[in-house]
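Given next are the chains, with one letter for each unit.
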Amino acid sequence: MKPENLHRLIECYENHLEDLNNEEHHELFKWKAVGTWQREWNRPENANRPFAERYAAATKDFNVFIDNARMHPSAGVCALAEYDEARIKTLFCNVLLSEAEDANEAQLRIDQFLNGYEQMRLECCPGNWSYKQDRHTASVYLAANSPETAYIYKSSEAQHMADFIEFDEKLGSGNSFSLERYYRMCDLIAEALKEHPSLIEKHKAMLGDGYYKDESLHLMVFDLIYCFHTYSFFRHLMPEAPASKPVRTAPAKAAAKPKTTRAPKKDESMEREKKRREKIQKLQSELAELEGKAEACEEISLLNVEVTSAQYGKGIITAQDKNKITVQFGSEEKKYILDEKYTARPAFENDAELIRTFTEYGRIQDEIRNVKREIQKIHF
């Protein structure tokens, strides 16, 4: 690991603390959300309330913690509570939120919760892809309930941080993901944050009534990871692009008379190099922004979602590669690209929103390829 990279990042985070928590961004909502969960979920009289009411009260300040414009897992919890209240309550209270001895057990409980929830979703609303939960949403519930021991996880953000600080272990993904390794990285970040007392004091001064007092700094760890990935404030911390390769020129012929060209002045050469690097930096910022937009689309999981085809009837999505899906219709398997220009695709619930999202994803991928080509041209 490179501690110097981590401390540079923490210093930048402190320098932009007010920008990250102004009226436009207000990342402090995380501390308010956890404070509300702690107060409402653990209120003794709430234990006997209908589960959907208890859940809604505890998550009322979650804002964009788990939901976004496309995914609505909180609405899914309420829908499943109407379908089978005892079962969804057991998944939360007896599976996910029961005390775990270590990160390995916590990961096991997360997986059990997600599997049980997905089984319920398939029974209750198989076509509603926006109700799905994932490791991120499960980790938010877990960290809101046990903020001194658990950390919030988001895959792209976590990997971005691991790459930047050159964390010594692979976090993994899919079946290879290790919550224990992620927690180890987070523990190292928490220890590094403690070496910046001025940051901690500034942040504490920003927390109002009802905000969770984050003594373990576990929420700040996630906020640092999230903000580093999301905001352009931190772009300058990324390593500069390599200088262009020297151009090889053929040796002059012996009989040729050397040209008397004026050697470029040092100032001119430095100015050209400065402009080249500025252009590369601008393109790299543009690329990072585009890749961030693409990642938001890539996080949409459609596995096991029910679809309907005018030709083949009802089917289930059995495989997905970003905007490409495989659907099983009885004994027939069909592949589709989710884009408005491919009209033979099957239909989903909330179809227009989903197809519009993946059409935009295709456009973003085209832009990413164009920007990468531009960067390549400047390098070589």
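You'll find the structure just up there.
First things first, this report covers the structure right here in the doc. What you see is a predicted model, and the numbers here were worked out from it, not measured in a lab. (Residues numbered from 1 in each chain as written. Predicted model: local features only at pLDDT ≥ 70, side-chain atom pairs only at ≥ 80, totals over all residues. Heavy atoms only, no water.)

## Considering the overall build of the protein
The helix and strand tally for the protein stands at 14 helices and 4 strands. Along the first, second and third principal axes, the C-alpha atoms of the protein reach 95 × 60 × 35 Å. Counting contacts in the protein only where the partners sit at least 6 residues apart, residues at least 24 apart contribute 67% of the total. In the structure as shown, the protein presents an accessible area of about 20600 Å², 49% of it carried by carbon and sulfur atoms. (Helix = DSSP H or I, 4+ residues; strand = E, 2+ residues; numbered from the N terminus. Contact = heavy atoms within 4.5 Å. Areas by Shrake-Rupley, 256 points an atom, 1.4 Å probe, with all protein chains shown as cover.)

## A few points about the nonpolar core
Formed by 84 residues in total, the largest nonpolar core has its most connected members in F65, I88, Y141, Y182, M185 and F234. In terms of nonpolar packing, the next biggest core, distinct from the first, is built from 28 residues, M71, L338, I368 and I378 among them. (Core = buried A, V, L, I, M, F, W, Y, C linked by side-chain atoms within 4.5 Å. Buried < 20%, exposed > 50% of the residue type's maximum accessible area, 1.4 Å probe, protein only.)

## Quick word on the layout of surface pockets
Size it by volume and the second largest pocket reaches roughly 260 Å³. Taken together, 15 residues line the second largest pocket, and the ones lying closest to its centre are N323, D339, G362, Q365 and R369. Among the elements that make up the lining of the second largest pocket, the one with the highest residue count is helix α14 (residues 351–379) (7 residues). Of the residues in the lining of the second largest pocket, the class split is 3 nonpolar, 4 polar and 8 charged. (1 Å grid on protein atoms, 1.4 Å probe; cavity = no way out; pocket = protein on both sides within 12 Å on 5 of 7 lines; lining within 4 Å. Points joined across faces, edges and corners; volume = space filled by probe spheres on them. Nonpolar A, V, L, I, M, F, W, Y, C, P; charged D, E, K, R; others polar.)

## Observations regarding the packing of helix α7 (residues 103–124) against helix α8 (residues 135–145)
Each pair of packed helices can be summarised by the angle the axes make with each other and by the distance between the axes. Interhelical geometry of α7 versus α8 gives an angle of 120 degrees and a closest axis separation of 10 Å. Compared by their axis directions, α7 and α8 come out oblique. For α7 against α8, the interelement crossing comes out right-handed. Contact residues: A106, Q107, I110, D111, F113 and L114 in α7; R135, A138, Y141 and L142 in α8. (Axes fitted to C-alpha atoms, helices over the stretch in contact; angles between N-to-C directions. Parallel < 35°, antiparallel > 145°, perpendicular 65-115°, else oblique. Left-handed = near helix turned anticlockwise from the far one by under 90°.)

## Brief notes about a negative patch on the surface
A grouping of D267, E268, E271 and E278 is seen on the molecular surface, where their side chains present a negatively charged patch. Within the fold, E278 resides in helix α13 (residues 266–298). Of the residues examined, E278 reaches a relative accessible area of 43% and is grouped as partly exposed. (Patch = residues over 30% accessible without salt bridge, like charges linked within 9 Å, V, L, I, M, F, W, Y side chains within 5 Å. Salt bridge = Lys/Arg side-chain N within 4 Å of Asp/Glu carboxyl O. Lys, Arg positive; Asp, Glu negative; His and termini not counted. Charge placed at Lys NZ, Arg CZ, Asp CG, Glu CD.)

## Digging into the side chain of E157
As for its placement among the helices and strands, E157 is situated in helix α9 (residues 155–165). The contacts of E157, once residues within four sequence positions are left out, are I225, Y226, H229 and E299.

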